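Reading the structure
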Amino acid sequence: LLVDVETLPPTENSFAAHQRVRVGINKLQSTDNVASMCQLVVEEVSSTTGYDRCMMYKFHEDMHGEVISECRPNENLDSLLGIHYPATDVPQRTRDQF
């Protein structure tokens, strides 16, 4: 699992952030399949971070990536669900981790 995060804003305390993550983990424990788990993860990350788009990639054997779930709170953004990206779109150092 690779997650890109930023520091908490000064108005946020770490306990509140931890509680939000704990709620998300509790929700994950109630999922019954991989697809719903992936969708829940991107929704929780989006909710926690406030990012305008969160995506989950599946890396195939040739290391190209496929968007398998996404959350776009702003529906004006085009969906990237199902899009395939070449392996070169992910830095070699990151690909080596998979």
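Our structure's up above, just so we're on the same page.
Throughout what follows, the structure given in this document is the object of discussion. (Residues numbered from 1 in each chain as written. Predicted model: local features only at pLDDT ≥ 70, side-chain atom pairs only at ≥ 80, totals over all residues. Heavy atoms only, no water.)

**Describing the environment of Asp62**
Turning to its location among the elements, Asp62 is positioned in the loop between β1 (54-59) and β2 (65-71). Residue classification places Asp62 among the exposed positions, given a relative accessible area of 54%. As for Asp62 and Asn33, which are separated by 29 residues in sequence, their C-alpha atoms are 25 Å apart. In this structure the side chain of Asp62 is engaged in a polar contact, spanning 2.5 Å, whose partner is the side chain of His64. (Helix = DSSP H or I, 4+ residues; strand = E, 2+ residues; numbered from the N terminus. Buried < 20%, exposed > 50% of the residue type's maximum accessible area, 1.4 Å probe, protein only. Polar contact = N/O pair within 3.5 Å; in protein donor to acceptor, adjacent residues only side chain to side chain.)

**Examining the sheet that holds β1**
Judged by pairing direction, the sheet is antiparallel, and its three strands sit side by side in the order β1-β2-β3 without closing on themselves. Because the sheet does not close on itself, it has two edges, and the strands there are β1 and β3 (84-85). When β2 meets β3, the two strands line up antiparallel, connected through two bridges. Across the sheet, Glu66 pairs through a bridge with His84, a residue of β3. Packing of helix α2 (residues 34-49) onto the sheet brings it into contact with β1 and β2, and relative to β2 it is tilted by some 60 degrees. (Pairing = 2+ DSSP bridges. Contact = heavy atoms within 4.5 Å. Axes fitted to C-alpha atoms, helices over the stretch in contact; angles between N-to-C directions.)

**Let's talk about the packing of helix α1 (residues 14-28) against α2**
In contact at an axis separation of 10 Å, α1 and α2 are set at 170 degrees when each is read in the N-to-C sense. If you check the angle between α1 and α2, you find them roughly antiparallel. Judged by residue contacts, Arg20, Gly24, Lys27 and Leu28 of α1 engage Met37, Leu40, Val41, Glu44 and Thr48 from α2. For the contact of α1 with α2, a count of residues per class yields four nonpolar, two polar and three charged. (Parallel < 35°, antiparallel > 145°, perpendicular 65-115°, else oblique. Nonpolar A, V, L, I, M, F, W, Y, C, P; charged D, E, K, R; others polar.)

**Quick look at the pairing of β2**
The element β2 is largely enclosed, with a buried count of six among its seven residues. Sheet topology places β1 next to β2; six bridges connect them, and they run antiparallel. In the strand pairing of β2, Cys54 is matched with Cys71. Connecting the antiparallel pair β1 and β2 is a turn made up of five residues, with Met63 showing a positive phi of about 70 degrees.

**Remarks on the pattern of salt bridges**
When charged atoms on two side chains of opposite charge get close, those side chains can pair. Throughout the structure, instances matching the rule amount to four salt bridges. For Glu44, the salt bridge identified is with Lys27, shortest N-O distance 3.0 Å. Placement of Glu44 in helix α2 and of Lys27 in helix α1 is noted, with a sequence separation of 17 residues between them. Taking the shortest distance from any N to any O, the salt bridge between Arg72 and Glu70 comes out at 3.4 Å. Through salt bridges that share partners, Arg53, Glu70, Arg72 and Glu75 make up one connected network. (Salt bridge = Lys/Arg side-chain N within 4 Å of Asp/Glu carboxyl O.)

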